[in-house]
Amino acid sequence: MLFSRNWLAELVDLPADPHEVARRLTAAGFNVEGVEEKGDDVLLDIDVTTNRPDCMNHLGLAREAAVIFGQPLRRPPTAPDESVDKATDAATVVIEDFQGCPRFTARVIRGVTIAPSPDWLRERLESIGQRSINNVVDITNFVLWEMGQPLHAYDLGKLEGRRLVARRARSGETLTTLDGQLRRLTPEMMIIADAKVPVGLAGVMGGADSEVTDATTDVLLEGAHFDRLCVRLAAKALGMHTDASHRFERGTDPEGCLDAVSRAARLMAEVAGGTVLAGGLDVRAEGFPPVRTGRLDLNRLRAFAGAEIAAADVERWLPGLGFTLVPLGPPGKTDVWDVTAPPWRLFDFEPRPDGRVWEADLFEEAIRIYGMDNIEPTLPRVLGLDARPTPQQVLREKVRDYLAAAGYVETVHFAFGDPQIDAAYPSLRPEAKALRLKNPLSETYSVMRRSLVPNLVDTAHFNQRRGARAVLLFEIARVYYPALPGEPLPNEPEHVALLCGGTVGDPWQRELTLDFFDAKGALEGLAEALGIRLEARPKDLPGLLAGSSAELVRPDRNGEVVGFLGRVAAEESHPLYIAELALAGLTGGTVFREVEIPSRYPGVEADFTLTHAVTTAWVEIARAIAELAPADLVSWHLKDRFRGGKVPEGAVNTTIAFLYNSQERSLTQEEVNERQHALDAELERRYGWKG
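Here is a short report on the structure shown in this document. (Residues numbered from 1 in each chain as written. Predicted model: local features only at pLDDT ≥ 70, side-chain atom pairs only at ≥ 80, totals over all residues. Heavy atoms only, no water.)

### A few points about the packing of helix 4 (residues 119–127) against helix 5 (residues 135–147)
The condition is simple: To obtain each axis, a line is fitted to C-alpha atoms, and for helices this fit is confined to the stretch in contact; angles are then taken between N-to-C directions over 0 to 180 degrees. Strands are runs of DSSP state E lasting at least two residues, helices are runs of H or I lasting at least four, and both sets are numbered from the N terminus onward. Geometric relationships in this document are graded by angle, where less than 35 degrees denotes roughly parallel, more than 145 denotes roughly antiparallel, 65 to 115 denotes roughly perpendicular, and other angles denote oblique. Handedness of a crossing is defined here by the sense of rotation of the near helix relative to the far one, left-handed for an anticlockwise turn of less than a right angle and right-handed for a clockwise turn. Contacts: residue pairs with any heavy atoms within 4.5 Å of one another.
Put simply, helix 4 and helix 5 touch, their axes get as near as 10 Å, and they point 50° apart. In this view, helix 4 runs oblique relative to helix 5, as classed from their interaxial angle. Like other packed secondary-structure pairs, helix 4 and helix 5 cross with a definite hand, here left-handed. Seen from helix 4, the contacting residues are Trp120, Leu121, Arg124 and Leu125; seen from helix 5, they are Asn135, Asp138, Ile139, Asn141 and Phe142.

Given below as structure tokens:
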């Protein structure tokens, strides 16, 4: 938005260096994006933010500059010389919809002569890129850029009934706007009408049938305040954007309407030779505009800003910006004020639920004039968490920390995916249908994920194709299922998934190929760290290699299925092994570390090879050993498994290593053999190969 330095200088004294003006304005929140010399003038290209429509004009920006540079503001004169004839006898304004138009003002100027604008007016508009049209229209544009109030001049003789009505459009009504376009109006749009038909689109553009022409002698000059939303919706529906709509959509000064039409009427009488009728036409909604009040505490301001801002500065800056300050203490000794915001900041100071101005908004006004550059940079105090982490957060961090320490890298993926790929992999709720998106980015992202595995596999393949020798990935995130009975929203449990595959290390550092047991070992280590126990139960699952997949169950919860594990069927450069668990399935553990003092006496080892059906899982045998454990048996583990040779078809030889140790004395080999043989016999009876 372009501003003329010479125009601003008529309203406030400015430093001679325009770059200093630009620097100080930028520091106060008005970013000057360019400084350009144009003849004897300098143009400032300023990015006025949408919350500051009061500064989309020279008077508003001059008000800010007056406070910044400590200079008085020279307001332009507004009161015109009036005739004895009354405006109320010549025209009427009416508001039918106070929501869409809470205030409507107008002035009547008789006997104008339409002609080219004088040089000063034309040059002033052209300096900021505006085109001169004629003296009457140019005055309305001049006042728009001077005071920020959009105005419209109607040919009074063309208005049926010599009246203007602010109302909603009626079904079937049309309006030909000043740009020559026929606009079809809808009942949601605010319009300005005469006694019969629309003559203007409220807040956007006037109508061609009532515009000022060379034949115009009497002008009805309108300046109103329109609801921001009404203007925005109408302009958007009709594909229009004007200087007027740009300001109305952001919020004009509701108390500036009459001053602006009076200022324009005064100038119109000067440049067009007209006579201003006595009195302004002014209709407004009861209680409009609302008053924005708050309280400013200097000590709280200083603490907020981290700067020793003086009370005298506050009492100079804020009134200069239009705020009213009422001290709550002796004059000159108070540090708390009741503050009333000016009407031109009505929409910038949106109130709290109790109707008061937010304290931080008042702080901002003082701080931006004080200058952010004048505040010493300091690190904020770290006060810690607002509350203790929830059990879910604690669990999530424990899982994340363990997997990261185990060498896995965390990933983050989209929450949606391809329905075909989603169906190709296991899910902890296979009966649940994938939730489809109503507005997907593409078919590839058209359903909410039911599992974290597809994205991990896709990322692993992406890395494999680019030469990664190994991938170790994990993700903790939500999956999405249809709503549970009685629930209004989809079910969104948190899961953790991990994936490994490839070769780590090199021949010199003991090269290792990751396999099923690396993934299973990571899960077992995680379960142990959380104080729970998981068991793998063989089961064929979609997308996983047959015979190399299993469900993960909690034996302490009656075999509840909490996850799955297996080898991915779709392979590229090397096999991939995946697992997924519901975080809820990892709760309830007790992490208790009991230190056992090792025996001072030597232990005795024993091995036993059991031939059993290949379908008998090791976990079942281990459970039986724990049940039958004889005295002084302190540990056991699977040592070897062998199939082929003389082992019968359908059977496997499992060699188990046992360790006996007593805390009280040295055990003899005979004692160990007796106990071990009894245990071997019972294992043979339960699981031995029957042919």
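### With respect to the nonpolar core
Going by this rule: Residues belong to a common nonpolar core when they are buried Ala, Val, Leu, Ile, Met, Phe, Trp, Tyr or Cys residues joined through side-chain atoms within 4.5 Å. A simple rule labels every residue: compare its accessible area, found with a 1.4 Å probe on the protein chains alone, to the largest value its type can have, and call it buried under 20%, exposed over 50%, or partly exposed in between.
With 76 residues, the main nonpolar core has Leu25, Ile46, Val143, Leu221, Leu296, Leu301 and Phe323 as its most contacted residues. In this view, Leu301 contacts Leu296, Ile309, Val314, Phe363, Ala366 and Ile367; residues no more than four positions away in its chain are not counted. If you look at the next biggest cluster of nonpolar residues, it comprises 39 residues, including Val93, Leu164, Met189 and Cys230.

### Side note on the state of the cysteines
To keep things clear, this is the line we draw: Throughout, a disulfide means two cysteine sulfur atoms within 2.5 Å of one another.
Using the criterion set out here, one finds 0 disulfides in the structure. Note on Cys257: no disulfide assigned, nearest cysteine sulfur contributed by Cys101 at a separation of 8.2 Å.

### Overview of the packing of aromatic side chains
Note the following rule: A pair of Phe, Tyr and Trp rings is counted when the ring centres sit within 6.5 Å of each other, with Trp represented by its six-membered ring. The angle between the planes then sorts it: under 30 degrees is stacked, over 60 is edge-to-face, the rest tilted. Our definition puts a charge over a ring when NZ of Lys or CZ of Arg is within 6 Å of the ring centre and also within 35 degrees of the ring normal.
The tally for this structure, following the rule as stated, stands at 10 aromatic pairs. Judged by centre distance (5.5 Å) and plane angle (75°), the ring pair of Phe323 and Phe349 falls under edge-to-face. One end of the pair, Phe323, is in the loop between helix 10 (311–320) and strand 18 (324–327); the other, Phe349, is in the loop between strand 19 (336–340) and helix 11 (359–370), and 26 residues separate them in sequence. Like Phe349, Phe323 is buried. Here the aromatic cluster, defined as three or more aromatic residues joined through ring pairs, consists of Trp7, Trp120 and Phe142. The ring centre of Trp344 lies 3.9 Å from the NZ or CZ of Arg63, which sits over that ring. Sitting over the face of the ring of Trp145, Arg247 holds its NZ or CZ atom 4.6 Å from the ring centroid.

### Digging into the sheet that holds strand 3 (residues 41–47)
As a reminder of what qualifies: Any two strands with at least two DSSP-identified bridges between them are counted as paired.
Within the open sheet, the 3 strands sit side by side as 1-3-2. Their pairing is antiparallel. Every interior strand has two partners, whereas the edge strands, strand 1 (2–4) and strand 2 (31–38), have only one. With direction set aside, neighbouring strand axes in the sheet form an average angle of 25°. As paired elements, strand 2 and strand 3 share 7 bridges and run antiparallel to each other. For Asn31, the partnering residue across the bridge sits in strand 3 and is Asp47.

### A look at the layout of surface pockets
In plain terms, the rule: Cavities and pockets are defined on a 1 Å grid built over the protein atoms alone: a cavity is a set of grid points where a 1.4 Å probe fits but cannot escape, while a pocket is an open set with protein on both sides within 12 Å along at least five of seven lines, and lining residues are those with an atom within 4 Å of any such point. Grid points are joined across faces, edges and corners, and a volume is the space filled by probe spheres set on the points. All amino acids are sorted into three groups, where Ala, Val, Leu, Ile, Met, Phe, Trp, Tyr, Cys and Pro are nonpolar, Asp, Glu, Lys and Arg are charged, and the leftover types, Gly among them, are polar.
Considering only enclosed or pocket space, the largest pocket measures out at about 1200 Å³ in volume. Along the walls of the largest pocket sit 37 residues, with Phe517, Lys520, Ala536, Trp618 and Val619 positioned nearest its centre. For the lining of the largest pocket, the secondary structure elements donating two or more residues are helix 15 (516–529), strand 26 (535–538), strand 27 (544–554), strand 28 (560–568), helix 16 (618–628) and strand 31 (633–642). The element best represented in the lining of the largest pocket is helix 15, accounting for 7 residues. Of the residues in the lining of the largest pocket, the class split is 20 nonpolar, 6 polar and 11 charged. By volume, the second largest pocket amounts to about 860 Å³. If you trace the second largest pocket, you find 31 residues lining it, with Val137, Asn141, His152, Leu178 and Met205 closest to the centre. Of all the secondary structure elements, the ones that give two or more residues to the lining of the second largest pocket are helix 5, strand 7 (152–155), strand 12 (198–201), strand 13 (205–206) and helix 7 (243–248).

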